Amino acid sequence: QHMLEELLIHKPDDPIQYMINHLKQNNDDAPRICVLGPPASGKTTVAMWLCKHLDAIRISQETLLFKEILALTKEAKAYKERKQKIPNALWANLIQERLSNVDCIKQGWILEGFPENQEQARMLQSSGIIPRHVVVLYAPDTVLIERNSGKRLDPFTEEVYHTTFDWPSDPLVQQRLVKPEDLSEQQMSKKLLEYHRNFPEVFQIYQKVLKSINADQPSMDVLSQVLTYVQTRHRSAAPFTPRILFCGPPGSGKSLQAALIAQKYGVVNICCGQLLKEAVADKTKLGELIKPYIDNGYP
């Protein structure tokens, strides 16, 4: 399915060779996950945990700007230094360049906090970046504002902690925690308003592969629900012919269930007992062999 998506997007001159190269280079089982949510909802914690568990590559706006050496990094940093908003097209190109690297192709990727709006999502789609799973974290705005004020960062591991909800037990980790440049309560409220305005459009684009998870619960519960979801396989949109087998002891309701399923989904109901009886009634060679068993009461 992914290969067909790539064919439709890129429209190569030689489709056969393109498919051969795709099969050689790509790992279609590798995770392709977006972790979205409002500020302070726990996106970084979830994304880092998934990367460790799935051995995937974590991509965020921070890693693209400060940890990667990409052709467009310098241009994006220039916007940041001028305190200007980085254009959506530049973000999309940065992400496309990073995801085309071998490690992302082979190991898969976790894209944290992107796309933020409909335009960014459309740009990712047009570049062939289509996530298999989209996780959206949510919590009441009051909780998010409180979390924002207590956030602490480990500069060595980049893991995020909280003075109230998630304080590390290791004294060494406690000593090196720093307070990040948090938003003021007014700035946070503005960011939340912008998120709530943009998110419905993003939801519409990814609704078939999206799951919302309540972030206002113990972190291990959140991580467990996220992992359960990203390990599921979505049903393919390709046409298929159902083949269903009903088994069970006599009187368990096999015939009734088979008839109901056949009626609902328009499939052919084949009853083995009925086939045997018809063979006997038609006096076929097979029927003659079966008749003694049926006369003696065998099923």
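So, how was this worked out
Residues numbered from 1 in each chain as written. Predicted model: local features only at pLDDT ≥ 70, side-chain atom pairs only at ≥ 80, totals over all residues. Heavy atoms only, no water. Phe/Tyr/Trp six-rings, centres within 6.5 Å; stacked < 30°, edge-to-face > 60°. Helix = DSSP H or I, 4+ residues; strand = E, 2+ residues; numbered from the N terminus. Buried < 20%, exposed > 50% of the residue type's maximum accessible area, 1.4 Å probe, protein only. Lys NZ or Arg CZ within 6 Å of the ring centre and 35° of its normal. Patch = residues over 30% accessible without salt bridge, like charges linked within 9 Å, V, L, I, M, F, W, Y side chains within 5 Å. Areas by Shrake-Rupley, 256 points an atom, 1.4 Å probe, with all protein chains shown as cover. Salt bridge = Lys/Arg side-chain N within 4 Å of Asp/Glu carboxyl O. pLDDT = per-residue confidence, 0-100. Core = buried A, V, L, I, M, F, W, Y, C linked by side-chain atoms within 4.5 Å. Contact = heavy atoms within 4.5 Å. Disulfide = S-S within 2.5 Å. Axes fitted to C-alpha atoms, helices over the stretch in contact; angles between N-to-C directions. Parallel < 35°, antiparallel > 145°, perpendicular 65-115°, else oblique. Left-handed = near helix turned anticlockwise from the far one by under 90°. Nonpolar A, V, L, I, M, F, W, Y, C, P; charged D, E, K, R; others polar. Pairing = 2+ DSSP bridges.

Two aromatic rings are characterised by how far apart their centres lie and by the angle between their planes. Across all of its chains, the model carries 3 aromatic pairs by this definition. Aromatic side chains W91 and F114 sit 6.3 Å apart centroid to centroid with 55 degrees between the ring planes, which places their arrangement in the tilted category. Of the two residues, W91 is situated in helix 6 (residues 88-99) and F114 in the loop between strand 3 (109-112) and helix 8 (118-126); the sequence distance between them amounts to 23 residues. Its relative accessible area of 6% is what places W91 among the buried residues. Exposure remark for F114: the relative accessible area of 1% places this residue in the buried category. The structure contains a cluster of three or more aromatic residues connected by ring pairs, namely Y195, F199 and F203. The ring of Y79 carries the charged tip of R82 above its face, separated from the ring centre by 5.0 Å.

What follows concerns a nonpolar patch on the surface. Residues V268, I270 and L275 make up a contiguous nonpolar surface patch of roughly 330 Å² in combined accessible area. Summarising the element assignment, L275 is placed in helix 14 (residues 272-281). Its relative accessible area of 45% is what places L275 among the partly exposed residues.

Next up on the list: the environment of F203. By secondary structure assignment, the location of F203 is in helix 11 (residues 185-206). Taking the C-alpha atoms as reference, F203 lies 9.5 Å from N117; in sequence the two are 86 residues apart.

A low pLDDT score tells you not to read the predicted coordinates there in detail. Put simply, the chain has an average pLDDT of 83, and 90% of its residues get 70 or more. Put simply, helix 1 (residues 2-10) is where the chain has its lowest mean pLDDT, 69, and strand 4 (residues 133-138) is where it has its highest, 95.

Moving on to the nonpolar core. Ranked by internal contacts, the top residues of the largest apolar core, which has 53 residues, are L50 and Y206. Per element, the largest residue contribution to this core is 7 residues, and it comes from helix 11. For Y206, the contacting residues outside a window of four places in its chain are P115, A121, L124, P131 and V134.

Let's shift gears to the state of the cysteines. Two cysteines, two sulfur atoms, one covalent bond between them: this is a disulfide. Applying the stated criterion across every chain, the model contains 0 disulfides. Here C271 stays unpaired: no disulfide links it, and the sulfur of C272, its closest cysteine neighbor, is 6.6 Å away.

Right, let's get into the packing of helix 14 against helix 15 (residues 285-295). Angle between the axes and distance between the axes are the two parameters that describe a pair of packed helices. The N-to-C vectors of helix 14 and helix 15 enclose an angle of 115 degrees; their axes lie 8 Å apart at closest approach. As the angle between them shows, helix 14 and helix 15 are arranged roughly perpendicular. The handedness of the crossing between helix 14 and helix 15 comes out as left-handed. Within the contact between the two elements, helix 14 uses L276, A279 and V280 and helix 15 uses G287, I290, K291 and I294. Of the residues belonging to the contact of helix 14 with helix 15, the class tally is 5 nonpolar, 1 polar and 1 charged.

Strand order across the open sheet formed by 5 strands is 2-3-1-4-7, with parallel pairing between neighbours. Edge positions in the open sheet fall to strand 2 (57-59) and strand 7 (210-214), since each of these has one partner strand only. Sheet twist, expressed as the average angle between the axes of neighbouring strands with direction ignored, equals 20 degrees. Both strand 1 (residues 32-36) and strand 3 contribute to a ladder of 4 bridges, which runs parallel. Counterpart to V35 in the pairing with strand 3 is E112. The sheet strands contacting helix 3 (residues 43-54) are strand 1, strand 2, strand 3 and strand 4, and the helix crosses strand 3 at an angle near 175 degrees.

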